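# Observations on the model geometry
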Amino acid sequence: MKADPAAVATGVHFIDGNEACAEGAIAAGCRFAAGYPITPSTEVVEHIAKRFPKLGGVFIQMEDEIASSICFQGAIWGGMKAMTVTSGPGLSLMMEHVGLAAMTETPSVFVDVQRGGPSTGLPTLPGQQDVMQVRWGSHGDYEVIALAPNSPQECFDHIITAFNLAEQYRVPVFFMMDECIGHMLGKVRIPEANQIDVRERKFTERPPGQYLPYEIYSGDQPEMVRAGMGYRIHTTGLTHDARGYPEMNAQAQDKLIRRLCNKVLDHTEELTLCESDQIDGSDVTIIAYGITARVAAYAVEQARQQGLKVGQLRLITLWPFNDRLIRDVAQNTRSIIVAEMNLGQMVHEVRRAVGDKVPVHLIDSAGGAIIEPETILAKIKEVVS
Amino acid sequence: MSDAPTNSTPTNPVEKLLRMERIPHIWCPGCGVGTSVNCFARALDKTDIDYDNLHVVSGIGCTGRVAGYVNVDSFHTTHGRAIPFATGLAIARPEAKVVVYSGDGDLFAIGGNHLIHAARRNIDMTVICVNNFTYGMTGGQVTPTTPYSAKATTTPYGNFEDTFNLPNLVESCGAVYVARWTVYHVRKLIKSMTKALNTKGFSFIEVIAQCPTLYQRRNKLGDGVMALQYYKERSTVQNGAPTVDVGLDYQSDIIVGEFVDKPRPTFMDKYNTRMTEILGNKFVPYEGVK
């Protein structure tokens, strides 16, 4: 279905990524948000707090991120589309409820405007250091979806993607912004509502008595209901059976956890969003995401002007990680540079996928400042020489 | 699902609230949690609440398992976080009654911060706290309500910390209805539960209950029956008692009763009032998922 015209701020705006994210969430149908103030993400919920009362939505500033990250799940089971918004330290506090969302198959969107860490780290300065945390931060085996926008426009566009994927896959979806993207002002074109595809929550059509909340009737997803529909459902963070009742043994665990993981992993190709440019026959290909990909694009352009054969792959989907995509790159380029604002996180995934096919170099940064295009250009020259 | 019995065999009136296919429950013989659930079922029966619009949320622990046995939409969440989950659920479903059913450790130790803020905000929910003075599920550790000198596995020489006075804490945070009963006082507890369920805003009932397996045994206090005898002999009903006076000591007298009953606008009432004042006809109130 399409977005609600009464809610969509159609037009061309000069706004930052945080505000664009808020507007995108609104366009996607989000009408509940719970959050706790944390730099550099706060403007997202500030904007939401201003807009929601005029749209029939409710924002609640909770007492901490632990509360925020489960409060919005309560609203989701009440039938609303909802999100929470945070940055590194808050994200660390939310990890238990990432696991709960994965286990209870709650269609949840976590916005993470990344800053430098660990601990309080660099509250006002950028980082890309949460990439592995969103994948592995909660205990146990589970899968998530993570998207990394690289502009205010993509903050609008892809937060809608994030909401739609959350509804489709019923998993935690992370929207991995960073301080630069969050505070970057830019032109954001918000289309007419009838141009925005919004995935509504699909509720079961089975009558009560012929429905189990975690039974797989078709495909690889259970059918959802919300509280109050008369189904008398039960959900639990414990290992459970199709009824949602605790069933704690190795067999039930194996069945459930493999399904929770495979319902994402089996759709890796469909979930892959990326941009690739002139990789075939290149001497080196830069792989980057978020703000670093934006910087890298400039460096790549400079390098090409100097006659170098440089390709670029910009990852928008970070998780699930698409090994096939990276192997294809390795088939068609002579070397790879991964640039990221951490001391090496996604580079491990890239190296794992590539094996020893081509050398994989890393441009790292402990965070706090974007990686300069000159740094990337210098590395390109070093690698191709 | 119909609430009506399916045959003419007399049924226990509490059964319609229970997921009978999950009985027997996990609680130990002599445990007080089940008695409280029995009272809850009977209390519900005395209200007009449509069971499809009743939601029970629990945290983790022995009492945290209540959500799994009640035949309504029920959510077994994470340790200490039933209240923030219930907050989101209550806001999303203004037409529903949301009940948080959990234990003293879950609600007042790990979940203490959420509890005080939900009371302050006057979120429309009923919190039923089964206080058995111990962490049962993990084997009998000290909680914020374990009385001075009582033994727990993590206080082998007797507890030396001061305790929370639950009614006083909750009242001072803004709860609109506060009561305490023991599981001996089943009729009064049912009456209080009925009242709490019919009260708008943050209502709270402390249910003092025995844990024969851990708390009673470790402190040589006998079995469940002996606990009930203690509750019977040492409890005094003092409705309206100042909550500051109702603190508990080890095997002390227990003041029970309805302590607080003072309605005030809920979180959503205040939200709607404020937004209407400031935004006028630009305000679009949230009226539930269509």
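Not measured: the values here are computed from a predicted model.

## Thoughts on the domain arrangement of chain A
Think of interface size as the accessible area that goes away when the parts come together; that is how it is often given. Residues and elements named next belong to chain A. Along its sequence, chain A is organised into domain 1 (11-195) and domain 2 (275-384). Computed over C-alpha atoms, the centres of domain 1 and domain 2 are 26 Å apart. Counting residues at the interface gives 26 residues for domain 1 and 24 residues for domain 2. Interface area, domain 1 with domain 2, both sides summed: about 2,000 Å², of which 58% is carbon and sulfur.

## Things to note about the packing of aromatic side chains
All names here are of chain A. Overall, the coordinates contain 13 aromatic pairs over all chains when judged by the stated rule. Cluster of aromatic residues (ring-pair linked, three or more members): Phe72, Phe110 and Phe174. The ring of tryptophan 319 carries arginine 135 above its face, with NZ or CZ at 5.8 Å from the centroid. The ring of tyrosine 217 carries arginine 206 above its face, with NZ or CZ at 3.7 Å from the centroid.

## What to know about the nonpolar core
Ranked by size, the top nonpolar core spans 98 residues in total, and within it A:Phe32, A:Leu315, A:Leu318, A:Trp319, A:Ile336 and B:Phe202 carry the most contacts. Top element by residues in this core is helix 3 (residues 82-92) of chain B. It accounts for eight residues. Apart from residues no more than four positions distant in its own chain, A:Leu318 is found in contact with A:Val131, A:Ala146, A:Ala148, A:Met176, A:Tyr289 and A:Met346. By size, the runner-up hydrophobic cluster in this structure holds 51 residues, among which are B:Ala179, B:Leu189, B:Leu197 and B:Ala209.

## Here's the deal with the interface of chain A and chain B
Opposite the 46 residues of chain A that make contact, chain B presents 46 residues. The junction of chain A with chain B conceals about 3,700 Å² of combined surface from both sides, 60% of it contributed by carbon and sulfur atoms. Across the pair A:Glu63 and B:Arg121 runs a salt bridge, and its minimum N-O distance is 2.8 Å. At the junction of chain A with chain B, the criterion picks out 25 residue pairs in polar contact (both at pLDDT 80 or more). Those elements giving two or more residues to the side of chain A that touches chain B turn out to be strand 3 (58-61), helix 3 (65-77), helix 4 (88-104) and strand 10 (234-236) of chain A. Per-element tally for the side of chain A that touches chain B: the top contributor is helix 3 of chain A, with eight residues. Considered class by class, the residues forming the side of chain A that touches chain B number 24 nonpolar, 15 polar and seven charged.

## Looking at the pairing of strand 16 (residues 360-363) of chain A
Residues and elements named next belong to chain A. Looking at chain direction, strand 15 (residues 336-339) and strand 16 are connected through four bridges and run parallel. The residue of strand 16 that forms the bridge with isoleucine 336 is valine 360. The parallel pair strand 15 and strand 16, bridged by helix 12 (residues 346-354), forms a crossover whose chirality is right-handed.

What counts, and where the lines are drawn
- Residues numbered from 1 in each chain as written.
- Chains lettered and ligands numbered in written order.
- Predicted model: local features only at pLDDT ≥ 70, side-chain atom pairs only at ≥ 80, totals over all residues.
- Heavy atoms only, no water.
- Domains from an automatic or database assignment.
- Contact = heavy atoms within 4.5 Å.
- Buried area = accessible area lost by both parts, 1.4 Å probe.
- Phe/Tyr/Trp six-rings, centres within 6.5 Å; stacked < 30°, edge-to-face > 60°.
- Lys NZ or Arg CZ within 6 Å of the ring centre and 35° of its normal.
- Core = buried A, V, L, I, M, F, W, Y, C linked by side-chain atoms within 4.5 Å.
- Buried < 20%, exposed > 50% of the residue type's maximum accessible area, 1.4 Å probe, protein only.
- Helix = DSSP H or I, 4+ residues; strand = E, 2+ residues; numbered from the N terminus.
- Salt bridge = Lys/Arg side-chain N within 4 Å of Asp/Glu carboxyl O.
- Polar contact = N/O pair within 3.5 Å; in protein donor to acceptor, adjacent residues only side chain to side chain.
- Nonpolar A, V, L, I, M, F, W, Y, C, P; charged D, E, K, R; others polar.
- Pairing = 2+ DSSP bridges.
- Right-handed = clockwise from strand over helix to strand, strands pointing away.

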